[in-house]
Amino acid sequence: MKLTVVTDADMAAVDLSRIDLFDATYHAEGDPHSAWAFMREHAPLHRSELPDGRAFFNITRYHDACRVLGNHREFTSERGSLLSQLGHDDAASGQMLVATDPPRHSELRRPLNKMFTGRGLARSEDRIREAVRSLVRGALAEPVWDVAQQATMLPMAIAGALMDLPEPDWADLVQWTGMAAAPQDPVFTIRNPHATLAIAHHQLFEYFATQYEARRGTPGDDAFRLLMTMRDGELSREEVVVNCYSLLLGANATTPHTVAGTLLALMEHPEQLQAVRENAELVPALVEEGLRWTSPASSFLRYAVQDVEIAGGVVPEGDPVAVWVGSANRDSEIFPEPYRFDVHRADNRHIAFGYGSHYCLGATVARLTLRMFFEEVLDRFEEFAPAGKPQHLVSNFVAGFTSLPVRAVPHRVQAVAGR
Ligand code: HEM
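So, here is what we can say about the structure in this document. Everything numeric in this text was worked out from a predicted model, so none of it was measured.

### Some thoughts on the overall build of the protein chain
In step 1: Within the protein chain, the regular secondary structure consists of 19 helices and 12 strands.
In step 2: A globule of 419 residues ought to have a C-alpha radius of gyration of about 22 Å, and the protein chain, at 21 Å, matches this closely.
In step 3: With the C-alpha coordinates of the protein chain rotated into their principal frame, the extents come out at 65 × 60 × 45 Å.
In step 4: Residue pairs in contact within the protein chain that sit at least 24 positions apart in sequence constitute 70% of those at least 6 positions apart.
In step 5: Just so you have it, the protein chain exposes about 18,000 Å², and 51% of that area is on carbon and sulfur atoms.

### Regarding the packing of aromatic side chains
In step 1: Taken as a whole, this structure holds 14 aromatic pairs when the rule is applied.
In step 2: Aromatic side chains tryptophan 145 and phenylalanine 373 sit 6.4 Å apart centroid to centroid with 25 degrees between the ring planes, which places their arrangement in the stacked category. Highlighted residues: tryptophan 145 in strand E4 (residues 145–146) and phenylalanine 373 in helix H18 (residues 363–380), separated in sequence by 228 residues.
In step 3: We classify tryptophan 145 as buried; its relative accessible area is 1%.
In step 4: We classify phenylalanine 373 as buried; its relative accessible area is 0%.
In step 5: The interplanar angle of 75 degrees and the centroid separation of 5.4 Å between the aromatic rings of tyrosine 207 and phenylalanine 208 together place this pair among those described as edge-to-face. Like phenylalanine 208, tyrosine 207 is buried.

### Quick look at the sheet that holds strand E9 (residues 381–386)
In step 1: Strand order in the open sheet formed by 3 strands is E4-E12-E9, with antiparallel pairing between adjacent strands. Each edge of the open sheet carries a strand with a single partner, namely E4 and E9.
In step 2: Both E9 and strand E12 (residues 405–410) contribute to a ladder of 5 bridges, which runs antiparallel. Paired with alanine 385 across the two strands is arginine 407, which belongs to E12.
In step 3: Strands E4, E9 and E12 of the sheet are contacted by H18, whose axis makes an angle of about 105 degrees with E9.

Rules used in this analysis
Residues numbered from 1 in each chain as written. Predicted model: local features only at pLDDT ≥ 70, side-chain atom pairs only at ≥ 80, totals over all residues. Heavy atoms only, no water. Helix = DSSP H or I, 4+ residues; strand = E, 2+ residues; numbered from the N terminus. Rg over C-alpha atoms; globule rule 2.2 N^0.38 Å. Contact = heavy atoms within 4.5 Å. Areas by Shrake-Rupley, 256 points an atom, 1.4 Å probe, with all protein chains shown as cover. Phe/Tyr/Trp six-rings, centres within 6.5 Å; stacked < 30°, edge-to-face > 60°. Buried < 20%, exposed > 50% of the residue type's maximum accessible area, 1.4 Å probe, protein only. Pairing = 2+ DSSP bridges. Axes fitted to C-alpha atoms, helices over the stretch in contact; angles between N-to-C directions.

Written out as structure tokens, the structure is:
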């Protein structure tokens, strides 16, 4: 997916009747940003119909996106939140955090919040720093560093620590969560996308069920055991398993793409890299702009609870609505010059982590990880240059990369010392 400027000519070339935003390949090879820009201006409530008769509405403007994501009385998550599930209600409805509406959602979420923020998270800071350093050391060892590939281990190491998952399992877990998030991508497809998704779900659910049994009656203060003991063990094994799945998918499917996409943006905008180099206090702003720019969680689905008037039209009761997060984050009503990557952007109210009660549980840990990553790379490397063509992920759910080869030149002192 092209992440740069949408011009008037790009907009003029958009023919919505020929654009299929459901098609995962379109997101890798096409130009969804031009389509979204056109839709924000001319069709803010656009209905897409698939050849098999399934249909959904597209929401592309920022305020509409916040309303759909944030108002469960109008738009429910209980039938599933992934566009790929269109037409099949989520089997984990009412059990898995992301497929549950308040008040049940708040009951599940409240105990977890503590573990993913503040003191709960502070305990994991050293492990996060170590995972970041290990990723960055990889760049020192290789002449060409594939940031997109290597970064997949970063959230895994962090979620692995937070959930107390054995390190030898991490590589498999990364593979299975990759298959679950992007079953259409040739890097992940086994036989066909449908089979790929089924295999990934089977492996992950079986894995977490085995881990559940191994943990019974054993002490620990990790997120896995917290789910098992939450509210006096109120959650069934299945409920714990689907929430572990969702936690790991949430972490693994997203964070690496912001790492890679932000680094690419810095290579394409050397003056922004220079600004952050000259003032390390800009790193948190770089992270926010990188999140807005990459918006790796690209779409989320909701279903209208009643007829809802929105964006100049009506979504009939029961109809699905896809919110395009990457589009909302380029809405010029909110972000002046939205196609400028700008680390000085004031009031960066992006919704890369969603909006409302489902606001990303891992947002604090993701921000911390991204901040540490950019602190480390700026500290260790003098220059970055593209060393090959980026490969975009084939997915209508996650926007990102399967490959981003980079030549990273260490600061002279470190190169000599072999740090
Ligand atoms: C750059 C990194 C990340 C991005 C862009 C991201 C994005 C999002 C978004 C947009 C949502 C809202 C879903 C909805 O409204 O239906 C969400 C929810 C969620 N995320 Fe993340 N996420 C990231 C990292 C993480 C990490 C590191 C974890 C776990 C450690 C995580 C776990 C979750 C969970 C469990 C939910 C469901 C929350 C709920 O339904 O209450 N995410 N994320």
